[in-house]
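# Structural description and commentary
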Amino acid sequence: MILKADRIAYLIESREPPSDPLVITPCPKIEEFKRSGSASMDLRLGCWFAMLRPSRAPILDVGPTVSESLTAEALTKLHYVRFGDKFVLHPRAFVLGITLEWIRLPRNIAGYVTSRSSWGRRGLSIATATGVHPGFTGCLTLELFNSGEVPIALYPGMAISQFFMHWVDTCSEKVDRSQLAGHRRPFLGTIELDEFARKLLRL
């Protein structure tokens, strides 16, 4: 069941249970958010952007022969954009952004991020229904792609995506401890071949 604005607002304000609250900071204007009747919360664009360095990797290869030197840090270049300045995303360009909001989900809530239609109609694709697991803590990395024909100016602080939240059917003591949690800057992450893939490749 997707949570509506009034329920989300109650969980944020009540901080219940104290041992496992829903936290979103900076917090939206609660009364205005309640009146919206929305089933999602707008998330804002943060100040950090990460772009892939084409000179470092002529091909993105996660296979068995990939060089250990091509770490996520080596493959990306970070850019910091101050509030009031802009980041220009050119046509057919891809960049990782970050949400301004720091999010902590309790063990019984999961979520996902989608584009705002007002941006999609201008050619900006934001994430791809990115799933957020129960217990996640951190800022969310956003995948931004300009599929249009003109450059798009992105300003830190602007509403950039929608965050939907829903209950999960069980409340496990285990929470999200993946490599994507706990970050304040865009994070590329790593991809590794699992045991099944390695067997298929005869490794």
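For the structure itself, look to the data block above.
Residues numbered from 1 in each chain as written. Predicted model: local features only at pLDDT ≥ 70, side-chain atom pairs only at ≥ 80, totals over all residues. Heavy atoms only, no water.

## Some details on the pairing of strand 2 (residues 41-44)
Alternating residues of strand 2 divide into Met 41 and Leu 43, all buried, and Asp 42 and Arg 44, none buried. Inspection of the sheet shows strand 2 paired to strand 14 (residues 159-167) by 4 bridges, in the antiparallel sense. Considered in strand 14, the bridge of Met 41 is made with Phe 163. (Buried < 20%, exposed > 50% of the residue type's maximum accessible area, 1.4 Å probe, protein only. Helix = DSSP H or I, 4+ residues; strand = E, 2+ residues; numbered from the N terminus. Pairing = 2+ DSSP bridges.)

## Considerations on helix 1 (residues 5-14)
Residues spaced three or four apart along an α-helix point in a common direction, a consequence of the helix completing one turn every 3.6 residues. Buried residues of helix 1: Ala 5, Ile 8, Ala 9, Leu 11 and Ile 12, and no others. Buried positions in helix 1, seen along its axis, are confined to an arc of 165 degrees and lie on one side of it. Looking at the buried residues of helix 1, the elements they touch are strand 1 (23-25), helix 2 (30-36), strand 2, strand 8 (109-115) and strand 14. Immediately beyond the C-terminal end of helix 1, within one or two residues, lies Arg 15, with a positive phi of roughly 50 degrees. (Arc of directions from axis to C-beta. Contact = heavy atoms within 4.5 Å.)

## A few points about the sheet that holds strand 1
Across the sheet, 3 strands lie side by side as 1-7-11; this open sheet has antiparallel pairing. Single-partner strands in this sheet number two, and they are strand 1 and strand 11 (137-138). Bridge count between strand 7 (residues 102-104) and strand 11: 2 bridges; the pairing is antiparallel. Bridge pairing links Arg 104 to Thr 137 in strand 11.

## Focus on the side chain of Ser 40
Relative to the elements of secondary structure, Ser 40 occurs in the loop between helix 2 and strand 2. Polar side-chain contacts of Ser 40 include one of 3.2 Å to the side chain of Gln 162. Those residues in contact with Ser 40 that lie beyond four places of it in its chain are Phe 33, Gln 162, Phe 163 and Phe 164. (Polar contact = N/O pair within 3.5 Å; in protein donor to acceptor, adjacent residues only side chain to side chain.)

## Description of the sheet that holds strand 14
In spatial order, the strands read 2-14-8-10; together these 4 strands make up an open sheet with antiparallel pairing. Whereas interior strands pair on both sides, the edge strands pair on one side only; in this sheet they are strand 2 and strand 10 (130-132). Between one strand axis and the next, the sheet turns by 30 degrees as a mean value, whatever way the strands run. When strand 8 meets strand 10, the two strands line up antiparallel, connected through 3 bridges. Each residue of the ladder has a partner; that of Gly 111, found in strand 10, is Val 132. Strand contacts of helix 1: strand 2, strand 8 and strand 14, with the helix running at about 85 degrees to strand 14, the strand carrying the most contacts. (Axes fitted to C-alpha atoms, helices over the stretch in contact; angles between N-to-C directions.)

## Side note on unusual backbone geometry
Of note, the bond from Glu 16 into Pro 17 is cis; its omega dihedral lies within 30 degrees of zero at -10 degrees. By the element assignment, Pro 17 lies in the loop between helix 1 and strand 1. Cis rather than trans, the peptide bond between Thr 25 and Pro 26 has omega equal to 0 degrees. Of note in the backbone geometry, Arg 15 takes a positive phi value of approximately 50 degrees without being a glycine.

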